[in-house]
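Residues per chain are reported as follows:
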Amino acid sequence: MTKPATSRKPPVSPGRGRPREFDTQTVLACASEVFWNHGYHATSVDDLCKATGVLRGSLYGVFGDKHGLLLAALDHYADGSIARLAERLNANVPPEEALRNALMHHARAASALNAQRSCFITSATLEMSADDIALRERIECIQRRTITLLSAAVIRGQASGAFNAKLDEKAVGEFLLCITQGLRVLGKTPRDEQQLTSIVDLAMRALV
């Protein structure tokens, strides 16, 4: 007697459909803190595993390697930073006041550093190796997004009559990016808020 044919299920890949065992955003926030505090080169994978509570294999499975995790952490940090900048620049106040408030945020943050860590983006830029093309492209993208927001703030100020209409808004956006990043670098050495406020006021006068 012939046995009835039995249907065989196709083999299932061990990783297919398996739910991720950690929250990516939480891991990226923790990894950002580690890279931010110690720098990329001084941070070990063991440091990242300890801070995130995730095993090495799981981190590699999602991010590839330590460098891949750095890029993802930088994206995570930059998205939040740029969103907060946009909120300050688009506040319901005169455009010149909104821009000054945004610059003053950097001045206050820098004066509070007391030689501690700077902005994560600034730190990653300063530590970047000349041959690290992927990181350079990431930072260039972040800079372009920031310049776009700052340039739009300049245009609003020109439209209201607060800023010189003859100024090239993109060039001013790049100038203001230099101001924000420069404030962060200056904050690595002791600077009080009044010193950095003077720089902000000078930058604002340059737009009139």
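Residues numbered from 1 in each chain as written. Predicted model: local features only at pLDDT ≥ 70, side-chain atom pairs only at ≥ 80, totals over all residues. Heavy atoms only, no water.

1. Structural notes on the pattern of salt bridges
Counting across every chain of the model gives 6 salt bridges. The salt bridge involving Asp-75 is made with Arg-138; its shortest N-O contact spans 2.8 Å. Taken together, the residues span a long stretch of sequence, with Asp-75 in helix α4 (residues 66–89) and Arg-138 in helix α7 (residues 133–160) at a distance of 63 residues. Using a relative accessible area of 26% as the deciding quantity, one classes Asp-75 as partly exposed. Across the pair Glu-140 and Arg-136 runs a salt bridge whose closest N-O atoms are separated by 3.9 Å. Taken as a pair, Glu-140 and Arg-136 lie in helix α7 at a separation of 4 residues, close to a single helical turn. (Salt bridge = Lys/Arg side-chain N within 4 Å of Asp/Glu carboxyl O. Helix = DSSP H or I, 4+ residues; strand = E, 2+ residues; numbered from the N terminus. Buried < 20%, exposed > 50% of the residue type's maximum accessible area, 1.4 Å probe, protein only.)

2. Concerning the layout of surface pockets
Space inside the largest pocket adds up to approximately 340 Å³. Contributing to the lining of the largest pocket are 22 residues, with Ser-81, His-106, Cys-119, Ile-121 and Arg-184 lying nearest its centre. Every element with two or more residues in the lining of the largest pocket is listed here: α4, α5 (95–111), α6 (120–127), α7 and α8 (169–186). Looking at the lining of the largest pocket element by element, the count peaks at 6 residues for α4. Class assignment of the residues belonging to the lining of the largest pocket gives a composition of 11 nonpolar, 8 polar and 3 charged. (1 Å grid on protein atoms, 1.4 Å probe; cavity = no way out; pocket = protein on both sides within 12 Å on 5 of 7 lines; lining within 4 Å. Points joined across faces, edges and corners; volume = space filled by probe spheres on them. Nonpolar A, V, L, I, M, F, W, Y, C, P; charged D, E, K, R; others polar.)

3. Regarding the nonpolar core
If you look at the biggest cluster of nonpolar residues, it comprises 55 residues, and the most contacted ones within it are Phe-35 and Leu-99. Among the elements that take part in this core, α4 stands out by supplying 12 residues, more than any other. Filtering out sequence-adjacent residues up to four positions away, Phe-35 remains in contact with Tyr-40, Thr-43, Leu-48, Lys-66, Leu-69, Leu-70, Ala-73 and Phe-120. (Core = buried A, V, L, I, M, F, W, Y, C linked by side-chain atoms within 4.5 Å. Contact = heavy atoms within 4.5 Å.)

4. Here we look at α6
Note: α-helices contain 3.6 residues per turn, so residues at a spacing of three or four share the same orientation. Looking only at α6, the buried set comprises Phe-120, Ile-121, Thr-122 and Ala-124. Summarising the contacts, the buried residues of α6 are in contact with α1 (24–38), α4, α7 and α8.

5. Digging into helix α2 (residues 45–52)
Of all the positions in α2, only Val-45, Leu-48, Cys-49 and Thr-52 are classed as buried. Take α2 and look down its axis: the buried residues cluster within an arc of 100°, on one side only. When the buried face of α2 is taken as reference, the exposed residues oriented beyond 90 degrees from it are Asp-46 and Lys-50. Where α2 terminates, the next one or two residues include Gly-53, which has phi positive at roughly 75°. (Arc of directions from axis to C-beta.)

6. Digging into empty space enclosed by the protein
One water molecule sets the probe size; rolling that probe over the atoms shows where empty space is left. Applying the stated criterion across every chain yields a total of 1 cavity of 30 Å³ or more. Listing elements by their share of the lining of the largest cavity, those giving two or more residues are α2, α3 (56–63) and α4. Here the residues of the lining of the largest cavity are counted per class, giving 5 nonpolar, no polar and 2 charged.

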